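# Analysis of the macromolecular model
As a plain string of letters, each chain reads:
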Amino acid sequence: MTILILGIILFIGTHMIRIVAPGFRYAMVQKFGENGWKAVHGLASLVSLVVLVLGWQQAPVVDMWFPPKGMTHLTLTLMLFAMICLVAGLLPAGHIATKAKHPMVLSVKIWALAHLLSNGDLASVLLFGSFLAWGVITRISLKRRQRAGEVTLRPFVSAKWDLAAVVVGLAVYGLFVWKLHALLFGVAPLPM
């Protein structure tokens, strides 16, 4: 469980630098340049993600609650929306991105909530609860920074990017349900 908690702290800490220590981020950008900082941040994120996944895989199963059977289907349904939002956040802005404002953060919040609904063990509650809290805190921070003029929302480009987000989101979702989730995390999303 210690490795999981370390992974959560490292990953979320890495992704909250702008919120809790904006001066540190600014100093690092001055020192390494924007692309250099992105490389350092990306490497730190990757390392912390590996620690987090290894910690989750090695964590003992300590049941806190037992989700009803139907929660798996609700999780699968919510994950479809999470995937579409994730893809919409990576593409030029269509209606999905402009209405969601921060589609990748929304995607993480949906992902975390969906997994909390269908997983009642301590490791899952720690992992997904932490990410849900991160998503809420990040969204509040983005809203404040937007009001202060530090963040600007992406302008609408074309509705064709909504279609692309749905098609690619469905494809990624299909891959995860089919095999990718089991290969990456050792858990099949569909019970056999």
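Residues numbered from 1 in each chain as written. Predicted model: local features only at pLDDT ≥ 70, side-chain atom pairs only at ≥ 80, totals over all residues. Heavy atoms only, no water.

With a phi angle near 70°, Lys-101 is a residue other than glycine that sits in the positive phi range. Within the secondary structure, Lys-101 is located in the loop between helix H5 (95-100) and helix H6 (103-118). A relative accessible area of 39% means that Lys-101 is categorised as partly exposed. (Helix = DSSP H or I, 4+ residues; strand = E, 2+ residues; numbered from the N terminus. Buried < 20%, exposed > 50% of the residue type's maximum accessible area, 1.4 Å probe, protein only.)

To continue, consider a positive patch on the surface. Among the surface-exposed residues, Lys-101, Lys-143, Arg-144 and Arg-147 lie close enough to one another that they form a single positively charged patch. For Arg-144, the location among the structural elements is in helix H7 (residues 122-147). (Patch = residues over 30% accessible without salt bridge, like charges linked within 9 Å, V, L, I, M, F, W, Y side chains within 5 Å. Areas by Shrake-Rupley, 256 points an atom, 1.4 Å probe, with all protein chains shown as cover. Salt bridge = Lys/Arg side-chain N within 4 Å of Asp/Glu carboxyl O. Lys, Arg positive; Asp, Glu negative; His and termini not counted. Charge placed at Lys NZ, Arg CZ, Asp CG, Glu CD.)

Moving on, we get to the nonpolar core. By size, the foremost hydrophobic cluster in this structure holds 17 residues, and its most contacted members are Ile-8, Ile-12, Leu-52, Leu-127 and Phe-131. Only helix H1 (2-14), H6 and H7 provide two or more residues apiece to this core. The element that contributes the greatest number of residues to this core is H7, accounting for six residues. Each residue touching Ile-12, except ones within four places of it in the same chain, is listed here: Ser-130, Phe-131 and Trp-134. (Core = buried A, V, L, I, M, F, W, Y, C linked by side-chain atoms within 4.5 Å. Contact = heavy atoms within 4.5 Å.)

Here we come to the packing of helix H4 (residues 71-90) against H6. Viewed as axis vectors pointing N to C, H4 and H6 meet at an angle of 165°, and their least axial separation amounts to 8 Å. It follows from the interaxial angle that H4 and H6 lie roughly antiparallel. Every pair of crossing elements has a handedness; the one defined by H4 and H6 is left-handed. In terms of residue class, the contact of H4 with H6 is made up of 17 nonpolar, six polar and no charged. (Axes fitted to C-alpha atoms, helices over the stretch in contact; angles between N-to-C directions. Parallel < 35°, antiparallel > 145°, perpendicular 65-115°, else oblique. Left-handed = near helix turned anticlockwise from the far one by under 90°. Nonpolar A, V, L, I, M, F, W, Y, C, P; charged D, E, K, R; others polar.)

That's the geometry; what it means functionally is another story.
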